[in-house]
Amino acid sequence: MALSTDERALLTLITKSPKPVVMSDFFHELSPPAPGMNEHHPGHEEWLLRQIEWHGISVGLWQRDLVRVVEPANGERGDMVEPTESGHAALAA
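We now turn to the structure provided with this report. (Residues numbered from 1 in each chain as written. Predicted model: local features only at pLDDT ≥ 70, side-chain atom pairs only at ≥ 80, totals over all residues. Heavy atoms only, no water.)

### Quick look at the overall build of the protein
At step 1: Check the secondary structure of the protein and you find four helices and three strands.
At step 2: In the protein, the succession of helices and strands from N to C terminus is α-β-α-α-β-β-α.
At step 3: Overall size of the protein, expressed as C-alpha extent along the three principal axes, is 45 × 30 × 20 Å.
At step 4: Put simply, the protein has 93 residues, and 32% of those count as buried.
At step 5: Of the accessible surface of the protein, which amounts to about 5,900 Å², a share of 55% is contributed by carbon and sulfur atoms.
At step 6: Taking the 7 positively charged and 14 negatively charged side chains of the protein as two groups, their mean positions are separated by 8 Å. (Helix = DSSP H or I, 4+ residues; strand = E, 2+ residues; numbered from the N terminus. Buried < 20%, exposed > 50% of the residue type's maximum accessible area, 1.4 Å probe, protein only. Areas by Shrake-Rupley, 256 points an atom, 1.4 Å probe, with all protein chains shown as cover. Lys, Arg positive; Asp, Glu negative; His and termini not counted. Charge placed at Lys NZ, Arg CZ, Asp CG, Glu CD.)

Right, here's the structure in full:
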């Protein structure tokens, strides 16, 4: 199963975690904001759109059964996920 560069990057971080994780916790690590970023920063809109793209990528990993929800969101944090066997296999390919 072919992974995009972004899918591979996110799935790699999920797989490296010894316990279930909230995928969105990695978004800033994968696409960090520029120093001094705020809503008036010239690159804010581009960065914000990139953060939204990461949500789509995370949904795609779940839809392709590369991660599974092991603990649903509870209002204080998002869904906790872990990689599936298919997820591990996709990274190995």
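### Description of a nonpolar patch on the surface
At step 1: Residues Leu48, Leu49 and Ile52 make up a contiguous nonpolar surface patch of about 270 Å² in total accessible area.
At step 2: On the secondary structure map, Ile52 appears in helix α3 (residues 44–63). (Patch = residues over 30% accessible without salt bridge, like charges linked within 9 Å, V, L, I, M, F, W, Y side chains within 5 Å. Salt bridge = Lys/Arg side-chain N within 4 Å of Asp/Glu carboxyl O.)

### Digging into the side chain of Ser58
At step 1: Assignment of secondary structure puts Ser58 in helix α3.
At step 2: Excluding its chain neighbours within four sequence positions, the residues that come into contact with Ser58 are Leu10, Met23 and Phe27. (Contact = heavy atoms within 4.5 Å.)

### What to know about the sheet that holds strand β1 (residues 21–22)
At step 1: Across the sheet, which stays open at both edges, the three strands sit in the order β1-β3-β2 with antiparallel pairing between neighbours. Of all strands in the sheet, those bounded by a partner on one side alone are β1 and β2 (67–71).
At step 2: In the sheet, β1 pairs with strand β3 (residues 80–83) via two bridges, with the strands oriented antiparallel. From the neighbouring strand, Val22 faces β3, where its bridge partner is Met80.
At step 3: Those strands touched by helix α1 (residues 5–16) are β1, β2 and β3, and its axis lies near 95° from that of β3. (Pairing = 2+ DSSP bridges. Axes fitted to C-alpha atoms, helices over the stretch in contact; angles between N-to-C directions.)

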